[in-house]
Amino acid sequence: MVNMNVQETMKQILEAESKAVMSIPVTDGYEKAVNLIVEQVHVKGGKLVTSGMGKAGQIAMNIATTFASTGIPAVCLHPSEAQHGDLGVVQKNDVMLLLSNSGKTREILELVTLARRLNPELKFIVITGNDKSALAEMADVCLYTGGAPEVCPLGLTPTTSTTMMTVMGDVLVVSTMLATGFTKQEYAKRHHGGYLGEQSRK
């Protein structure tokens with residue numbers, strides 16, 4: 001058995017990830033992103049299309065489902081499946097939210113090219129740990145994570161980066177809820193089952 005102090009490791013991870021979250025740059029990009037989502041989706045009737053590859057894709061799915069439950073129609077598009085017909089989900093007035101820590105993910109870069117070919121007016125919001133990347137340059141709004149290192153002992157496994165992406169997604173969701181005046185009654189219409197559905201109807 002490997003000799004290790006799990007509690008000490010836990011303290012180190014909590015400290016590192018907390019520090020990383022608190023160091024996320026607070027910029028006017030968030031206001032721009034929220035305004036774009038509200039204008040395209042809430043006002044013009046489009047939807048939010050999120051995407052990411054690997055672990056970032058799982059965060060993109062989480063962000064999409066949270067937006068959908070709070071009044072912003074949203075879907076998660078797998079970047080590889082997009083190349084095999086699923087790109088057809090993209091419509092007029094949609095806005096895309098793309099996640100890539102490196103900003104170099106081939107499938108995501110290709111998705112931007114293909115999506116813009118389908119709809120040249122499509123707007124892109126990007127969450128990335130590399131604000132100098134090709135993906136960042138393609139974005140209408142770039143939200144930089146701050147690029148803190150992963151807590152993975154190899155420095156490779158998405159850990160800290162996905163935590164920051166999740167938090168940044170929460171900022172966008174909550175800010176959009178406030179901007180649209182989303183109510184408990186509206187939440188109840190979208191959430192019928194379980195404990196949250198019960199609480200929303202009280």
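Above this text is the structure in question.
Bringing the packing of helix H1 (residues 6-22) against helix H7 (residues 160-180) into the picture now. Axis separation between H1 and H7 bottoms out at 10 Å; the angle between their running directions is 45°. Considering their axes alone, H1 and H7 lie oblique with respect to each other. By crossing handedness, the relation of H1 to H7 is classed as right-handed. The segment H1 lies against H7, with Glu 17, Ala 20 and Val 21 engaging Thr 160, Thr 163, Met 164 and Val 167.

On to the sheet that holds strand S5 (residues 141-144). Ordered in space as S2-S1-S3-S4-S5, the five strands form an open sheet in which the pairing is parallel. Edge positions in the sheet fall to strand S2 (74-76) and S5, since each has one partner strand and no second. Averaged over all pairs of adjacent strands, the angle between strand axes in this sheet comes to 20°, irrespective of strand direction. Of the pairings in the sheet, the one linking strand S3 (residues 95-100) to strand S4 (residues 123-128) comprises six bridges and is parallel in character. Bridge pairing links Met 96 to Phe 124 in S4. Across the sheet, helix H2 (residues 29-43) lies against strand S1 (48-52), S3, S4 and S5, angled at about 135° from S5, the strand it touches most. Against the sheet, helix H5 (residues 106-118) makes contact with S1, S3 and S4, and its axis sits at roughly 165° relative to S3, the strand it touches most.

A full pass over the atoms with the stated rule returns eight salt bridges. Between Asp 94 and Lys 47 there is a salt bridge; the shortest N-O distance is 2.8 Å. In this pair, Asp 94 is assigned in the loop between helix H4 (79-82) and S3 and Lys 47 in the loop between H2 and S1, connecting sequence segments 47 residues apart. Residues Asp 94 and Lys 47 agree in their burial class; the two are buried.

Judged by nonpolar contacts, the single largest core of 30 residues is most densely connected at Phe 67, Leu 99, Ile 125, Leu 143 and Leu 172. Residue assignment for this core shows that the elements contributing at least two residues are H2, helix H3 (55-69), S3, S4, S5 and H7. In terms of residues, this core owes the most to one element, H2, which gives seven residues. The contact partners of Ile 125, leaving out residues within four places of it in the chain, are Ala 33, Leu 36, Ile 37, Val 95, Met 96, Leu 97, Leu 98, Val 141 and Leu 143. Counting residues in each nonpolar core, the second largest holds 17 residues, with Val 49, Leu 98, Val 126 and Ala 139 among its members.

Note that Asn 119 resides in the loop between H5 and S4. When near neighbours in sequence (up to four residues on either side) are disregarded, Asn 119 contacts Gln 91 and Lys 92.

Before going further, it helps to spend a moment on H3. The terminal C-alpha atoms of H3, which comprises 15 residues, lie 22 Å apart, in line with the 21 Å expected from a rise of 1.5 Å per residue. Those residues of H3 that sit buried are Ala 56, Gly 57, Ile 59, Ala 60, Ile 63, Ala 64 and Phe 67. The buried residues of H3 all sit within an arc of 155° when viewed along its axis, so they share a single face. Where H3 is buried, its residues contact H2, S1, S2, S3 and H7.

Next up on the list: the packing of H3 against H7. Closest axis-to-axis distance for the H3/H7 pair is 10 Å, and the angle between their directions is 20°. Relative to H7, the element H3 lies roughly parallel. Crossing geometry of H3 relative to H7 is assigned as right-handed. Listed contacts from H7 to Lys 55, Ala 56, Ile 59, Asn 62, Ile 63, Thr 66 and Phe 67 of H3 are Thr 162, Met 165, Thr 166, Gly 169, Leu 172, Val 173 and Thr 176.

What counts, and where the lines are drawn
Residues numbered from 1 in each chain as written. Predicted model: local features only at pLDDT ≥ 70, side-chain atom pairs only at ≥ 80, totals over all residues. Heavy atoms only, no water. Axes fitted to C-alpha atoms, helices over the stretch in contact; angles between N-to-C directions. Helix = DSSP H or I, 4+ residues; strand = E, 2+ residues; numbered from the N terminus. Parallel < 35°, antiparallel > 145°, perpendicular 65-115°, else oblique. Left-handed = near helix turned anticlockwise from the far one by under 90°. Contact = heavy atoms within 4.5 Å. Pairing = 2+ DSSP bridges. Salt bridge = Lys/Arg side-chain N within 4 Å of Asp/Glu carboxyl O. Buried < 20%, exposed > 50% of the residue type's maximum accessible area, 1.4 Å probe, protein only. Core = buried A, V, L, I, M, F, W, Y, C linked by side-chain atoms within 4.5 Å. Expected span 1.5 Å × (residues − 1). Arc of directions from axis to C-beta.

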